[in-house]
Amino acid sequence: MKRKLHELAHARAGDKGDTLTLALFSYHEADYELLRRQVTAEAVKRHLAHLVRGEVRRFEVPGLHALQFVCERALDTGVTTSLAIDPHGKTLSYALLEMTVEP
Amino acid sequence: MILASRGELHYLALECLAERTIALAQLRKLADPAAGYDPLLEARMRALLPLAVRHGFRIVTNMGAANPLAAGRRVIELSRELGLKIKVAALSGDDVLAQLEPGMRTIEARGAPLSEYGTLVSANAYFGAEEMLPALATGAQVVITGRVADPSLFVAPLAHEFGWRLDDWPRLGRATAIGHLLECAGQVTGGYFAEPGLKDVPNLAQLGFPWCDVDEEGNGTLGKVAGTGGAITLRTVKEQLLYEVTDPGGYITPDVVADFTSVRLKETAKDRVAVAGAGGRPRTATYKVSVGYRAGFVGEGEISYAGAKAVERARLAGEIVRERLRDDVADLRIDLIGMDSAHRTDFSHAAPYEVRLRVAARTATRELAERVGAEVESLWINGPAGGGGARRFAQERIGVVSLLLDRSRVRPRVTLLEEDRETQAA
């Protein structure tokens, strides 16, 4: 039975130029390892393939039970020139939380 | 205001510059040499100056935007009106437009030279604590800057109070973590966080802003005034610590390269989180410079469809507009708000009852930008059945790119403003 990341984790989106940052945090310490194994940079790149045209890098911050995804060329040239309705990509934390994992 | 009157503060920082703000301010300054600072400066200072004098805290702000000196002069005028006697220090010199050369490479993904962008309108180096310290040393009640790195607005007062050396990388790193947590104010106290059910935040409408009590090692405890709304929890602090951070182990500011991966957080009481243990390495040899340029125009139009076949009618409407603009507008985007506008796809695949068509396009001229909205508006009459509530927008776009500039090419200046004179402090 697949579960949405939304049930296991919370997230915050940020922007730097055309780069989108997605910080993902497990609600419970016990779930962090599952996120670490399944929510890889490749998996996120696949999940957001229609948005992210560049590379996705993942940083692990175990002290915060966090994974930080840095997505390049993800904001339609960046907040100041984007045609998107949400040029900062602030809503995209919830796009990440639509991903599913196998518990 | 609650934080200013009841926070028992020593310093109040107001961070007011987004990426593009200073470019827009520069355009206002070109039209009027006495303008170019934050339009909210007057209202903010009118409210805060009496509190600052009464409670004895200092105000540190980047509300100077493109014209810190004019902002400083305005604050002196205001203080006279309010019957207060204060000094103001203005930090300028971050404007480096004259130092730019067309061949300089930007640090954006493609690394294109500046010559490939439109007409440049502004270029501002991100100053840090080092440039702000002479302003703080004047003892001025208000320190007004142009572009400074957001965390530096907090690092500088700490370095000033504790007398830190500017190569004390661990302390600067720890203070940078705290500055980064405070710089978006409400984003650490429950703003940009709440989700009913899973992530409830009490009384978000009366969101309290944060303070931090920092020790001389650069560690501190975040809190907010009792009775205000919001919440400070491990979760709100964790989310903000990684906000907009592209490398948690190497967060670059003018002051230091900070390491947030070693940060330790501890809830010490309700709405109190202790922050300790960030690391720091030597700063880089360059300033980051934010360059504003004229990026053409954007035109937008929106119209709603509801009920049976709403999605199909909206899609048809979008294709009609695309076809009608085909000869004049190449760079066009069609969204269905309620379906795929924010995430560019619909992960749930559920048909919405109503959708709103949005058409947006980049254009070379204002006239063409206006046409985009006009075509959407005309869908009322010349489009599919039942389209309503059309709105249109057109505006010039100022784009922002970044580059790195050697520190030696930039000259920071501090001007001390008093009621009857102005002197160069550094």
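Residues numbered from 1 in each chain as written. Chains lettered and ligands numbered in written order. Predicted model: local features only at pLDDT ≥ 70, side-chain atom pairs only at ≥ 80, totals over all residues.

J.: Explanation requested: the overall build of chain B in the structure shown.
T.: Tallying secondary structure elements over chain B gives 11 helices and 18 strands in all. Against the compact-globule benchmark of 22 Å for 426 residues, chain B has a radius of gyration of 24 Å, which places it among compact chains. Taken along the three principal axes of its C-alpha coordinates, chain B extends 70 × 50 × 45 Å. Looking at chain B as a whole, 49% of its 426 residues qualify as buried. The long-range share in chain B, meaning contacts at least 24 apart out of those at least 6 apart in sequence, stands at 73%. (Helix = DSSP H or I, 4+ residues; strand = E, 2+ residues; numbered from the N terminus. Rg over C-alpha atoms; globule rule 2.2 N^0.38 Å. Buried ≥ 20, exposed ≤ 12 C-beta atoms within 10 Å, placed from the backbone. Contact = placed C-beta atoms within 7 Å.)

J.: What's the story with helix α3 (residues 41–55) of chain B in this structure? I'm lost.
T.: Along an α-helix, a turn takes 3.6 residues, which lines up residues three or four apart on a common side. All names here are of chain B. An ideal rise of 1.5 Å per residue puts 21 Å on 15 residues; α3 measures up with 20 Å between its terminal C-alpha atoms. Maximum bend of α3: about 35 degrees, positioned at L48, with proline P50 one to four residues after it. Among all positions in α3, only L41, M45, L49 and A52 are buried. Summarising the contacts, the buried residues of α3 are in contact with β2 (58–61) and α4 (68–81). Immediately beyond the C-terminal end of α3, within one or two residues, lies G56, with a positive phi of roughly 75 degrees. (Expected span 1.5 Å × (residues − 1). Bend = angle between axes of the 7 residues up to and from the residue.)

J.: What's the story with the packing of α3 of chain B against α4 of chain B in this structure? I'm lost.
T.: To characterise two packed helices, one gives the angle between the axes of the helices and the distance between these axes. Residue and element names in this part refer to chain B. At a closest axis distance of 10 Å, the pairing of α3 and α4 adopts a crossing angle of 45 degrees. In this view, α3 runs oblique relative to α4, as classed from their interaxial angle. Crossing handedness for the pair α3 and α4: right-handed. Between α3 and α4, the residues in contact are L41, E42, M45, R46 and L49 and A71, R74, V75, L78 and S79, respectively. (Axes fitted to C-alpha atoms, helices over the stretch in contact; angles between N-to-C directions. Parallel < 35°, antiparallel > 145°, perpendicular 65-115°, else oblique. Left-handed = near helix turned anticlockwise from the far one by under 90°.)

J.: Can you walk me through the environment of K288 of chain B in this structure?
T.: All names here are of chain B. Note on placement: K288 falls in strand β13 (residues 286–306). Sequence separation of K288 and A308 is 20 residues, and the distance between their C-alpha atoms is 53 Å. The contacts of K288, once residues within four sequence positions are left out, are Y126, S402 and L404.

J.: Sorry if this is basic, but what is going on with the packing of helix α7 (residues 169–182) of chain B against helix α8 (residues 234–241) of chain B here?
T.: Residues and elements named next belong to chain B. The interhelical angle for the contact between α7 and α8, taken along N-to-C directions, is 105 degrees, at an axis separation of 9 Å. As judged from the angle between their axes, α7 and α8 are roughly perpendicular. Contacts from A177, H180 and L181 in α7 reach V237, Q240 and L241 in α8. Taken together, the residues of the contact of α7 with α8 sort by class into four nonpolar, two polar and no charged. (Nonpolar A, V, L, I, M, F, W, Y, C, P; charged D, E, K, R; others polar.)

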